[in-house]
Amino acid sequence: MKRDFLICLLLILGAAGLLSGCGKDSGEQTGTENYSEESQESWTEEEGAVREENGKESRDKNAVRVTPTSEITELETGLSAVRYEGEYGFDTFLEQGGAASDADVAAYITSLLAQEIHMEGAPFGCSTLSVENQDGGYLFGRNFDWNTCSGLIVSARPQKGYASVSTVNMDFVRAGEPHLSKLPDSVQALVSLYAPLDGMNEKGLAVSVNMIQDSVSINQDIGKPDLTTTTAIRLLLDKAANVEEALELLRQYDFHSSMGMMVHLAVADADGRSVAMEYVDNEMIVIETPVVTNFYLSDGEKQGIGTAQSHTRYEILTQTLEERGTMTETEVRDALDSVSKDNFGEFESTEWSIVMNQETKELIYYHRENYETAYVISVE
């Protein structure tokens with residue numbers, strides 16, 4: 001009986017994916033608009049390239065506009081993009097009480113797809129900054145520092161909730177047999193929606209998770225529904241329009257840090273408010289700050305605990321903000337470059353850097369510290 005129900009559910013989800021344009025066999029291609037003459041030549045009409053001039057003087061001249069489709073499309077080795085439209089079961093996930101661990105999240109996805117899914121990971125480093133944009137509005141910059149991995153940019157269009165663009169380290173997700181990469185693109189996209197590490201929604205709310213090197217983790221248990229780190233990010237992208245709404249939403253749940261890591265969340269909105277949300281002794285503390293790296297910012301005995309290098313990155317970004325006051329997109333890019341991993345001689349890579357324009361609702365991606373090539377993806 002249960003097997004028949006799951007098979008029927010899988011068929012329904014598959015049909016819904018095809019109807020919404022989310023299926024590998026849809027025949028769609030990722031659209032691109034290249035802003036530099038040199039790289040225009042490398043994108044042919046057969047690849048679905050749509051070209052237009054760059055109207056922003058402060059934007060990287062080598063920026064390539066990408067319009068994700070339901071087919072997972074590789075932008076370059078280790079970085080791909082996809083769009084998912086329609087229902088992905090997140091409201092039901094919340095209504096049934098959420099999940100207190102990555103294993104529970106994976107079990108829920110498995111129940112949706114009748115496909116075994118696992119979620120796991122390892123420590124990572126990050127840097128974020130929020131700054132007023134010289135061209136109007138605000139910018140949010142983000143580095144994700146880890147080992148070489150497979151990054152997936154996911155453009156989500158839920159039936160209920162805000163549209164968003166988020167980034168997933170697909171090395172943190174795996175399936176049983178067959179391998180995750182062998183599953184239909186619609187299935188890979190749905191799974192990735194439960195594992196975002198950063199992103200921005202149509203209201204200009206930007207979110208990032210940053211690890212803190214500490215021996216403890218977060219496991220609230222006061223009788224509320226449960227969220228893990230990645231499902232908390234999904235919640236904020238889907239439901240929060242600004243920082244205040246984000247804080248109110250998180251207060252309604254017991255938070256459990258994914259992968260057993262201590263983390264804090266950097267959250268910034270289109271009105272320029274930027275905060276770090278930390279959990280000390282399982283109590284949420286909110287710190288108003290434009291810069292977040294990988295150490296505790298809250299007052300008390302935990303303040304400053306984290307890696308020495310994260311203090312250096314924090315100081316560099318703070319000094320940059322103090323000197324400039326306001327910045328352009330390319331200046332935020334350069335600030336992220338100044339704290340990327342190639343400056344510190346470590347084995348990790350800055351796998352992706354993002355400049356999120358909270359006014360235009362665009363995310364500008366740079367991959368593996370190649371700041372000569374940019375991919376622009378619009379939330380709306």
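Each chain carries its own residue numbering, running from 1 in the direction its sequence is written. Side-chain atom pairs in this predicted model are given and counted only at pLDDT of 80 or more, local residue features only at pLDDT of at least 70, and totals for whole chains, interfaces and linings cover all residues. Computation of side-chain values covers all heavy atoms of the structure but excludes hydrogens and water.

Participant: Tell me about the overall build of the protein chain, and please be specific about residues and values.
Facilitator: Under the scheme used here, helices are H or I runs from DSSP no shorter than 4 residues and strands are E runs no shorter than 2 residues, and both carry numbers assigned from the N terminus. Each helix and strand in the protein chain was counted, giving 9 helices and 22 strands. When accessible area is computed with a 1.4 Å probe and restricted to protein chains, residues below 20% of their type maximum are described as buried, those above 50% as exposed, and intermediate ones as partly exposed. In the protein chain, buried positions account for 57% of the 380 residues. Contacts: residue pairs with any heavy atoms within 4.5 Å of one another. When contacts within the protein chain are restricted to residue pairs at least 6 apart in sequence, those whose partners lie at least 24 apart make up 67%. Working note: accessible area of the protein chain is about 15,500 Å², and carbon and sulfur atoms make up 47% of it. A 1.4 Å probe and the Shrake-Rupley method give the accessible areas. Residues count as covered only by the protein chains that appear here.

Participant: Report on helix H5 (residues 185–192), specifying residues and quantitative values.
Facilitator: With respect to burial, H5 is a largely interior element, 8 of its 8 residues being buried. Turning to H5, its buried residues are Asp-185, Ser-186, Val-187, Gln-188, Ala-189, Leu-190, Val-191 and Ser-192. Summarising the contacts, the buried residues of H5 are in contact with strand E4 (79–85), helix H4 (102–113), strand E5 (117–119), strand E8 (151–157), strand E9 (164–169) and strand E10 (173–175).

Participant: Please give an account of the nonpolar core that cites residues and values.
Facilitator: Among soluble globular proteins, nonpolar side chains are generally buried collectively. To form a nonpolar core, buried Ala, Val, Leu, Ile, Met, Phe, Trp, Tyr and Cys residues must be joined to one another through side-chain atoms within 4.5 Å. Residues Phe-93, Ile-109, Phe-124, Tyr-194, Leu-236 and Val-267 are the most contacted members of the largest nonpolar core, which totals 94 residues. Residues within four places of Phe-93 in sequence aside, it is in contact with Gly-98, Ala-99, Val-105, Tyr-108, Tyr-194, Leu-227 and Thr-231.

Participant: If you had to explain the sheet that holds E4 to someone new, which residues and values would you point to?
Facilitator: Spatial ordering of the open sheet is given by E3-E4-E8-E9-E11-E12-E15-E16-E17, a layout of 9 strands whose pairing is mixed. Pairing within the sheet leaves two strands with one partner each, and these edge strands are strand E3 (73–76) and strand E17 (283–288). Ignoring which end each strand starts from, the neighbouring axes of this sheet average 25 degrees apart. The pairing of strand E12 (residues 206–212) with strand E15 (residues 262–268) spans 7 bridges and is antiparallel. Bridge assignment links Ala-206 to a residue of E15, and that residue is Ala-268. Contacting E4, E8 and E9, H5 crosses the sheet at an angle of about 90 degrees to E4. Across the sheet, helix H7 (residues 243–250) touches E15, strand E16 (274–280) and E17, and the angle it forms with E16 is around 15 degrees. Here, any two strands with at least 2 DSSP bridges between them count as paired. Comment: axis = line fitted to C-alpha atoms, over the contacting stretch for helices; angle = value between 0 and 180 degrees taken between N-to-C directions.

Participant: Can you lay out the packing of aromatic side chains for me, pointing to particular residues and giving the numbers?
Facilitator: Stacked, edge-to-face and tilted labels apply to pairs of Phe, Tyr and Trp rings (six-membered ring for Trp) whose centres lie within 6.5 Å, assigned for plane angles under 30 degrees, over 60, and everything in between, in that order. What the rule picks out here adds up to 11 aromatic pairs. Ring geometry for Tyr-366 and Tyr-371: centres 5.6 Å apart, planes at 40 degrees, overall tilted. Assessed through its relative accessible area of 3%, Tyr-366 is described here as buried.

Participant: An account of the side chain of Thr-350 is needed here, citing residue identities and associated values.
Facilitator: Turning to its location among the elements, Thr-350 is positioned in strand E20 (residues 349–357). A residue is classified by how much of its surface remains accessible, and Thr-350, at 0% relative accessible area, is buried. A distance of 3.0 Å separates a polar atom in the side chain of Thr-350 from the backbone nitrogen of Lys-341. In contact with Thr-350, other than residues within four places in its own chain, are Asn-143, Phe-144, Asp-145, Ser-340, Lys-341, Arg-368, Glu-369 and Tyr-371. The definition of a polar contact used here is a pair of N or O atoms within 3.5 Å, where within protein one atom must be able to donate a hydrogen and the other to accept one, and adjacent residues in sequence count solely through side-chain atom pairs.

Participant: So, H7: which residues are in play, and what are the values?
Facilitator: When H7 is considered as a whole, its buried residues turn out to be Val-243, Ala-246, Leu-247, Leu-249 and Leu-250. When H7 is viewed along its axis, its buried side chains cluster within an angular range of 160 degrees and face the same direction. In the core, the buried residues of H7 are packed alongside strand E13 (226–228), helix H6 (229–239), E15, E16 and E17. Capping of H7 at its N-terminal end is provided by Asn-242; its side-chain oxygen lies 3.2 Å from the backbone amide nitrogen of Glu-244. Working note: the arc is built from the helix axis to C-beta atom directions.

Participant: So what's going on with the pairing of E4? Residues and values would help.
Facilitator: For E4, the buried fraction is high: 6 of the 7 residues fall into the buried class. One ladder, built from 3 bridges, connects E3 with E4; its direction is antiparallel. Each bridged residue has a counterpart across the sheet, and for Thr-73 the counterpart in E4 is Ala-81. Taken together, E3 and the strand that follows it, E4, pair antiparallel across an intervening segment of 2 residues, in which Gly-78 is found at a positive phi of about 90 degrees.

Participant: An account of the environment of Val-339 is needed here, citing residue identities and associated values.
Facilitator: By the secondary structure assignment, Val-339 is in the loop between helix H9 (329–338) and E20. Of the residues examined, Val-339 reaches a relative accessible area of 0% and is grouped as buried. If we ignore the near neighbours within four places in the chain, the residues touching Val-339 are Ser-127, Asn-143, Arg-313, Ile-316, Leu-317 and Phe-344.

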